[in-house]
Amino acid sequence: MSAHDQMRAMLDQLMGTGRNGENNKYQVKFNDPKVCKSFLLSCCPHEILSSTRMDLGECPKIHDLALRADFENAQKTKDYFYDLDAMEHLQAFISDCDRRTESAKQRLAETQEELSAEVAVKANSVHELAEQIGQKLAKAEQLGQEGFVEESMKLMEEVEELRKKKLDAEQEYRNSMPASSYQQQKLRVCEVCSAYLGIHDNDRRLADHFGGKLHLGFIKIREKLAELEKTSEKRREEKRKAGRGERDREDREERGYRDRHREHYVGGRELDRRSKRHRSRSKERKDRERNKEKEERSKESGSRSYRSRSRSRDRDRRSRSRHSKH
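First things first, this report covers the structure right here in the doc. The structure presented is a predicted model; accordingly, all values stated were derived computationally and were not measured.

**Structural notes on the overall build of the chain**
Phase 1 of the analysis: In terms of helices and strands, the chain carries 12 helices and 2 strands.
Phase 2 of the analysis: For the chain, the residues scored as buried account for 30% of the 326 residues in total.
Phase 3 of the analysis: In the chain, of all internal contacts separated by at least 6 residues, the share reaching a separation of at least 24 is 70%.

In structure tokens, the structure reads:
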């Protein structure tokens, strides 16, 4: 990644999609179903385990730092409960990994020479001490790189004590079995990341394993899952309450809308009452119109009758006038 791309990613992570007044390159919002909810909470296994032996490839959902920044800002004013979605995602992933670990153990049990109960206990003691040495050595190196020299030196002292105990445990294990069998590599499956660990692995190899990206990535995922599961019941209840509150809010808004637009929206008895009143008014209006029409027809009929009588009198007068002249 170029320096320009790195700077752009940093700005996206800090300021979100709207830092230049433009949408993100995916043209979606953080609450789109295509966006990875685990990524928004910084716990997507596809991201954490990238470039490791268990690289899962590209996540099928969208990862974008600007969308994560948008989510973090929006989460301050509204709870989206994405932790529950992320928990379900991590549960499915870890369940699959645990099944793979059990399968690896089964394969080892079928392929490796079976040890007696006494020898198996001694072998496990060597494995456990070796793992403690590898974990503390990796932690000491990390602290030294971060500048915590005193803490790093204290851990190295503990490593030396464990090495002495391991030498004693290895001697007991060696003495409990034939030399030819002791030379065989006894493998063990790491309970965290399902990698194979050998009983003869040296401290450097163990430190590289326990301080490596794969093992630390699994630790991060498992710790995040444990954190989410601890509050899952409480969060589910809060989500149910929030859902009811949201529905109540929508109902209140709808009732308020109906109140504000009551002349446009009525129902039930109010609708029946208005319909009855409308029919009554229509009947009264029609009655008035019919009466008015009758009155007008009556007046018109009277007027025609008057004109007819007037013309008849005029004819009579003219007739009498002519007779009198003769």
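**Some words on unusual backbone geometry**
Phase 1 of the analysis: The phi torsion at S42 lies on the positive side, around 60 degrees, for a residue other than glycine.
Phase 2 of the analysis: Of note, S42 is situated in the loop between helix 2 (37–40) and helix 3 (45–48).
Phase 3 of the analysis: Positive phi, normally seen in glycine, also occurs at S51, with a value near 65 degrees.
Phase 4 of the analysis: With respect to the helices and strands, the residue S51 is situated in the loop between helix 3 and helix 4 (65–75).
Phase 5 of the analysis: Looking at S51, the relative accessible area reads 66%, which means it is exposed.

**Observations regarding the environment of D55**
Phase 1 of the analysis: Examined against the element boundaries, D55 turns out to sit in the loop between helix 3 and helix 4.
Phase 2 of the analysis: Measuring from C-alpha to C-alpha, the distance between D55 and L214 comes to 9.0 Å, with 159 residues separating the pair along the chain.
Phase 3 of the analysis: Those residues within four positions of D55 in sequence are excluded, and the remaining contacts are L49 and S50.
Phase 4 of the analysis: Within the structure, the side chain of D55 is placed 2.7 Å from the backbone nitrogen of G57, a separation counted as a polar contact.

**Regarding the nonpolar core**
Phase 1 of the analysis: One finds L40, L41, L49, L67, F93, F218 and I221 to be the most contacted residues of the largest nonpolar core, which totals 36 residues.
Phase 2 of the analysis: Per element, the largest residue contribution to this core is 7 residues, and it comes from helix 5 (residues 82–111).
Phase 3 of the analysis: Residues within four places of F218 in sequence aside, it is in contact with L49, M54, F93, C97, V192 and C193.
Phase 4 of the analysis: By size, the runner-up hydrophobic cluster in this structure holds 11 residues, among which are V119, A123, L129 and I133.

**Side note on the pattern of salt bridges**
Should their charged atoms come close, side chains of opposite charge can pair.
Phase 1 of the analysis: In the structure shown here, the tally under the stated rule is 22 salt bridges.
Phase 2 of the analysis: Here E131 makes a salt bridge to R188, at a shortest N to O gap of 3.8 Å. Here E131, found in helix 6 (residues 117–145), pairs with R188, found in strand 1 (residues 187–189); they are 57 residues apart in sequence, far enough to count as distant.
Phase 3 of the analysis: The exposure class of R188 is partly exposed, given its relative accessible area of 22%.
Phase 4 of the analysis: R163 is the salt-bridge partner of E160, the closest N and O atoms lying 2.6 Å from each other. Of this pair, E160 and R163 both sit in helix 7 (residues 149–175), 3 residues apart, which is roughly one turn of that helix.
Phase 5 of the analysis: Owing to a relative accessible area of 25%, R163 belongs among the partly exposed residues under this scheme.
Phase 6 of the analysis: Put simply, E160, R163, K166, E170 and D203 are held in one network by salt bridges that share partners.

**Details of helix 5**
Phase 1 of the analysis: Helix length check: helix 5 (30 residues) gives 44 Å between terminal C-alpha atoms against 44 Å at 1.5 Å per residue, within 8%.
Phase 2 of the analysis: Listing the buried residues of helix 5 in full gives Y82, D83, L84, A86, M87, L90, F93, I94, C97, T101, A104 and L108.

**Focus: the packing of aromatic side chains**
Phase 1 of the analysis: Following the criterion strictly, the structure yields 5 aromatic pairs and no others.
Phase 2 of the analysis: The interplanar angle of 85 degrees and the centroid separation of 5.2 Å between the aromatic rings of F30 and Y80 together place this pair among those described as edge-to-face. With F30 in the loop between helix 1 (3–15) and helix 2 and Y80 in the loop between helix 4 and helix 5, the pair connects residues that are 50 residues apart, well separated along the chain.
Phase 3 of the analysis: For the pair F71 and Y82, a centre-to-centre distance of 5.2 Å together with 20 degrees between the ring planes defines the contact as stacked. Separated by 11 residues along the polypeptide, F71 in helix 4 and Y82 in helix 5 bring together distant segments of the chain.
Phase 4 of the analysis: Y82 gets classed as buried once you look at its relative accessible area, which sits at 9%.
Phase 5 of the analysis: Members of the aromatic cluster, connected to one another through ring pairs, are F30, F71, Y80 and Y82.
Phase 6 of the analysis: Here the basic side chain of K37 rests over the ring of Y82, its NZ or CZ set 5.1 Å away from the ring centre.

**Focus: the side chain of T101**
Phase 1 of the analysis: Topologically, T101 is positioned in helix 5.
Phase 2 of the analysis: In this structure T101 touches V189, C190, E191 and S194, once residues within four positions along its chain are discounted.

**Some details on the packing of helix 6 against helix 7**
Phase 1 of the analysis: Where helix 6 contacts helix 7, the two axes come as close as 9 Å, and the packing angle between them is 160 degrees. With respect to helix 7, the axis of helix 6 lies roughly antiparallel. As helix 6 runs across helix 7, the sense of the crossing is left-handed.
Phase 2 of the analysis: For the contact of helix 6 with helix 7, the residue count by class is 15 nonpolar, 4 polar and 10 charged.

**A word on the state of the cysteines**
Phase 1 of the analysis: Counted under the stated rule, the structure contains 0 disulfides.
Phase 2 of the analysis: Considering cysteine sulfurs only, C193 is the nearest to C190, which forms no disulfide, with 3.7 Å between them.
Phase 3 of the analysis: Looking at C190, the relative accessible area reads 5%, which means it is buried.

Basis of the calculations
- Residues numbered from 1 in each chain as written.
- Predicted model: local features only at pLDDT ≥ 70, side-chain atom pairs only at ≥ 80, totals over all residues.
- Heavy atoms only, no water.
- Helix = DSSP H or I, 4+ residues; strand = E, 2+ residues; numbered from the N terminus.
- Buried < 20%, exposed > 50% of the residue type's maximum accessible area, 1.4 Å probe, protein only.
- Contact = heavy atoms within 4.5 Å.
- Polar contact = N/O pair within 3.5 Å; in protein donor to acceptor, adjacent residues only side chain to side chain.
- Core = buried A, V, L, I, M, F, W, Y, C linked by side-chain atoms within 4.5 Å.
- Salt bridge = Lys/Arg side-chain N within 4 Å of Asp/Glu carboxyl O.
- Expected span 1.5 Å × (residues − 1).
- Phe/Tyr/Trp six-rings, centres within 6.5 Å; stacked < 30°, edge-to-face > 60°.
- Lys NZ or Arg CZ within 6 Å of the ring centre and 35° of its normal.
- Axes fitted to C-alpha atoms, helices over the stretch in contact; angles between N-to-C directions.
- Parallel < 35°, antiparallel > 145°, perpendicular 65-115°, else oblique.
- Left-handed = near helix turned anticlockwise from the far one by under 90°.
- Nonpolar A, V, L, I, M, F, W, Y, C, P; charged D, E, K, R; others polar.
- Disulfide = S-S within 2.5 Å.

Everything listed here is a matter of geometry and, on its own, says nothing about what the molecule does.
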